[in-house]
Amino acid sequence: MKPIYLLIPLIIFICCKKNTLEKNSDSTSFINFPFLNLSVKIDSTLISSFNNPNLTAFYKNYSNETVWTSQDNRDVVLNEFKNATNEGLLPNDYNYDKLNILSTNYNSLDDIKLVELDLLFTQSIQKYLSHIHKGKISPKVVEGDWDLTEKKIDVNALLFESIENNDFTSRFEDLKPKHPLYKNLKEALQLLNTFPKDSVPFIILKPKDKISFNKSNKVVKTIKQRLMYWHDMKQADTLTNIYDKETQDAVKLFQSRHGLYPDGVIGKGTLLALNFTKDQRIEQVIANLERWRWFANDFGKNYLLINIPDYSLVAIKDNDTMQKQRVVVGKEARQTPIIESKVSNINLNPNWTVPPTILKEDVYPDAIKDRGAFKKKGLIILNNKNKEVSPWDWKMEDAKKYKYVQNPGRNSALGLMKINFPNKYSVYLHDTNHRDYFSFTYRSLSSGCVRLEKPLEMAAYLINKPEKWDLKTIQDTTDINYYNKLHKEKLKKIAIKNAKLLAKNPLLVIPEKVYPKPELKTIVVKISDDIYIHQLYWTAWLQKGSLQFREDIYCLDYDLYSKLRN
């Protein structure tokens, strides 16, 4: 260490002075001299050998000397590392055990060990700051090319400020997601850790027959034990194999917590959820904590939030829920992408140009077998001059030369309304001609876009101009019957007018005029408000103290957790 012999007289003086003060006063405090925390010079080549630009820049700011001389600062940071499990992270990813031993023995370390501690401490906290702010793993590594804006962080700037102000606690909290759902997930993790260990061996429920109410089935006893374990059913001293009313009520509660239809019928979905162990649920929560670190810290004041596995959409404005809707999302083979974007416009009475994937997988195979498939699907074929081509003249070898369009209408694939927002996947929110889907519990059924249960109500909300576009006006604008009614009224008025003219002049010749048949026309309405859209994916949360889980419809949780732990 640096020579300290010049300080020895001063230290002796301080000790003597301290003894004198102790004799003269009962209220004397220990006098701390921070200048006694001497730094050690670090060889610049050693720093460079780590090939870590952030590490090099950090020590350059401190003239290549050790920085972590304050025990208070070290203790605060080490305590944060120790509690990394609260964030779903691992303490030893940040070298907690080794750093804790070195820090505990700090005063007896030689220069080499002091340098080792300092370098390891800096690398660990740089890594931790990055992980709690934007995630340990990039979403692109695990879950494809998600359309999320990558979070930025200047770890050194944050460290410089924290060291200068001796304040790391608030810095850690500032970097963690502020979303209530993230905080609830942390509570869910704590709650799960209070549950006892699963029974060994853990029995996988595979009933061969339907479990009927008030009937006996050998698996019912195990089901009751699971329901009691998860606190959906009160503990009982004795259990039978009869599926009674108390058990049915517990099953309904369990189903509701797992996004299943709470009918008390113990089917495939209910059994699948019952077969999850405590550890699997903990892994699921940890995977979801990581996802929330990927998502934007600020969703904006006005936004649409879609949870894909929950098949739900909420419209939030100034922290108030304005609308809730069920949605249909992409099937596993055509997954709805995770997106953060901004609503640009709404199309009323949209026409639908069939995208290449659907053409290749759905339209072409049917058309090859039967040219009538185009008419059955309501499609017209247009050439490069927008001239209609007869289906009977269509040939597979020329298929890519054409555009395939479905005209506006209630039975169009897009229904009566489409919401557009910039994204590289060419997806959008829209109405549907399969309105019966919203009665299903499992709604992973679309080709990637999100279908809305109440599209016209959403249009009125987003347009936000009731004086011009109230719900009734939007309903009329998208209803062919409304235009047919207007058409008939117009023809009736003309007929009455002509009758009056003929009554006055029976010899008058009135030219017959043919009026075009009413049709729906596409209307584009620009959205003037800044309304953001967040299509996100999370399968676990805590709601009013109750654990909520949803089916991992795209099978993403396990892979993410595995990578977090490797």
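Procedures and definitions
- Residues numbered from 1 in each chain as written.
- Predicted model: local features only at pLDDT ≥ 70, side-chain atom pairs only at ≥ 80, totals over all residues.
- Heavy atoms only, no water.
- Buried < 20%, exposed > 50% of the residue type's maximum accessible area, 1.4 Å probe, protein only.
- Helix = DSSP H or I, 4+ residues; strand = E, 2+ residues; numbered from the N terminus.
- Pairing = 2+ DSSP bridges.
- Phe/Tyr/Trp six-rings, centres within 6.5 Å; stacked < 30°, edge-to-face > 60°.

**Here's the deal with the pairing of strand β1 (residues 302-307)**
Step number 1: Extensive coverage of β1 is indicated by the burial of six of its six residues.
Step number 2: Of the two faces of β1, both are covered, the one formed by Asn302, Leu304 and Ile306 as well as the one formed by Tyr303, Leu305 and Asn307.
Step number 3: Looking at chain direction, β1 and strand β2 (residues 312-317) are connected through six bridges and run antiparallel. The residue of β2 that forms the bridge with Asn302 is Lys317.
Step number 4: Between the end of β1 and the start of β2, which pair antiparallel, lie four residues, with Tyr311 showing a positive phi angle near 55°.
Step number 5: As paired strands, β1 and strand β15 (residues 532-536) are joined by five bridges and run parallel to one another. Each residue of the ladder has a partner; that of Ile306, found in β15, is Gln535.

**A few points about the sheet that holds strand β6 (residues 352-353)**
Step number 1: Read from one edge of the open sheet, four strands run β6-β9-β7-β8, paired in antiparallel fashion. Edge positions in the sheet fall to β6 and β8 (388-389), since each has one partner strand and no second.
Step number 2: As judged from the two bridges shared by β6 and strand β9 (residues 403-406), these two strands associate in the antiparallel manner. Note on β9: the bridge partner recorded for Thr353 is Val405.

**Side note on the pairing of strand β7 (residues 379-382)**
Step number 1: Sheet topology note: the β7/β9 ladder contains four bridges and is antiparallel. Within β9, the position partnered with Ile380 by the bridge is Val405.
Step number 2: Where β7 and β8 come together, two bridges link them in antiparallel fashion. Note on β8: the bridge partner recorded for Ile381 is Val389.
Step number 3: Two successive antiparallel strands, β7 and β8, enclose a turn made up of five residues, where Asn386 displays a positive phi of approximately 60°.

**Notes on the packing of aromatic side chains**
Step number 1: If you walk through the whole model with that rule in mind, you get 30 aromatic pairs.
Step number 2: Ring geometry for Trp68 against Phe168: centres 5.7 Å apart, planes inclined by 45°, an arrangement best described as tilted. Of this pair, Trp68 sits in the loop between α3 (53-61) and α4 (71-82) while Phe168 sits in the loop between α8 (155-165) and α9 (169-175); the two residues are 100 residues apart in sequence, bridging distant segments of the chain. Both residues of the pair, Trp68 and Phe168, count as buried.
Step number 3: Summarising the aromatic geometry, the rings of Tyr364 and Tyr404 are spaced 5.8 Å apart at their centres and angled 70° between planes, so their arrangement reads as edge-to-face. Note that Tyr364 is positioned in helix α15 (residues 356-369) and Tyr404 in strand β9, a separation of 40 residues in sequence.
Step number 4: Judged by its relative accessible area of 10%, Tyr364 falls in the buried class.
Step number 5: A network of ring pairs unites the aromatic residues Phe58, Tyr59, Tyr62, Trp68, Phe81, Tyr94, Phe121, Tyr128, Phe160, Phe168 and Phe172 as a single cluster.

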